[in-house]
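# What the coordinates show
The primary structure of each chain is shown beneath.
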Amino acid sequence: MSIKVILLIPLVLLIIFFLPKLGNKTFYRLALIGISALGILFVLFPQITDRLAHLVGVGRGADLITYLFIVFFFLAGIILYSKIRKIEADQTELVRKITVEMAEKLNKQ
């Protein structure tokens, strides 16, 4: 089995399985389609990554993809961390409100 087939199968499955789960979130749907399409393009035509790599001063296309993955993975980690922090803050605020309301109800009785 060719490496291209091995790499294409997860990219196609990504679109098939996750696109319906995104519902009406247009930005995320477009991002998923765009990233998957770009991945498919790079798998089918690896010389494109080599050309892009040479344009930006990187030796090989595989190295460029690795560097980009590291940067995007780091950014995704930061975004997820900030979302978790916001959820924690919202949850803390909600618990405080519920506690105050329960204390007020107990004081009225």
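Residues numbered from 1 in each chain as written. Predicted model: local features only at pLDDT ≥ 70, side-chain atom pairs only at ≥ 80, totals over all residues. Heavy atoms only, no water.

## Comments concerning the pattern of salt bridges
Throughout the structure, instances matching the rule amount to 3 salt bridges. With its nearest N and O atoms 3.7 Å apart, the salt bridge here joins E88 to R85. Of the two residues, E88 and R85 are both situated in helix α4 (residues 61–108); the distance of 3 residues between them amounts to about one turn of the helix. The shortest N-O distance in the salt bridge between K86 and D90 comes to 2.9 Å. Taken together, the positions of K86 and D90, both in helix α4 and 4 residues apart, correspond to about one turn of that helix. (Salt bridge = Lys/Arg side-chain N within 4 Å of Asp/Glu carboxyl O. Helix = DSSP H or I, 4+ residues; strand = E, 2+ residues; numbered from the N terminus.)

## Here we look at the side chain of S36
Relative to the helices and strands, S36 resides in helix α2 (residues 26–44). Apart from residues no more than four positions distant in its own chain, S36 is found in contact with L11, L14 and I15. (Contact = heavy atoms within 4.5 Å.)

## Quick word on the packing of helix α3 (residues 47–56) against α4
Look at α3 against α4: their axes get within 7 Å of each other, and the N-to-C directions meet at 75 degrees. Relative to α4, the element α3 lies roughly perpendicular. Touching T49, D50, L52, A53 and V56 of α3 are G61, L64 and I65, all from α4. For the contact of α3 with α4, the per-class residue count stands at 5 nonpolar, 2 polar and 1 charged. (Axes fitted to C-alpha atoms, helices over the stretch in contact; angles between N-to-C directions. Parallel < 35°, antiparallel > 145°, perpendicular 65-115°, else oblique. Nonpolar A, V, L, I, M, F, W, Y, C, P; charged D, E, K, R; others polar.)

## Some thoughts on the layout of surface pockets
Take a probe with the size of a water molecule and roll it over the atoms, and the empty space left behind shows itself. Quantified by volume, the largest pocket comes out at close to 1400 Å³. Counting residues per element, the ones that place at least two in the lining of the largest pocket are α1 (3–18), α2, α3 and α4. Looking at which element gives the most residues to the lining of the largest pocket, the answer is α4, with 12 residues. The class makeup of the residues in the lining of the largest pocket is 26 nonpolar, 5 polar and 5 charged. (1 Å grid on protein atoms, 1.4 Å probe; cavity = no way out; pocket = protein on both sides within 12 Å on 5 of 7 lines; lining within 4 Å. Points joined across faces, edges and corners; volume = space filled by probe spheres on them.)

## Let's talk about the environment of T49
Structurally, the position occupied by T49 is in helix α3. Taking the C-alpha atoms as reference, T49 lies 7.3 Å from A62; in sequence the two are 13 residues apart. Beyond its immediate chain neighbours, meaning those up to four positions away, T49 contacts F42, G61, L64 and I65. From its side chain, T49 meets the backbone oxygen of P46 in a polar contact 2.6 Å long. (Polar contact = N/O pair within 3.5 Å; in protein donor to acceptor, adjacent residues only side chain to side chain.)

Geometry only, nothing functional implied.
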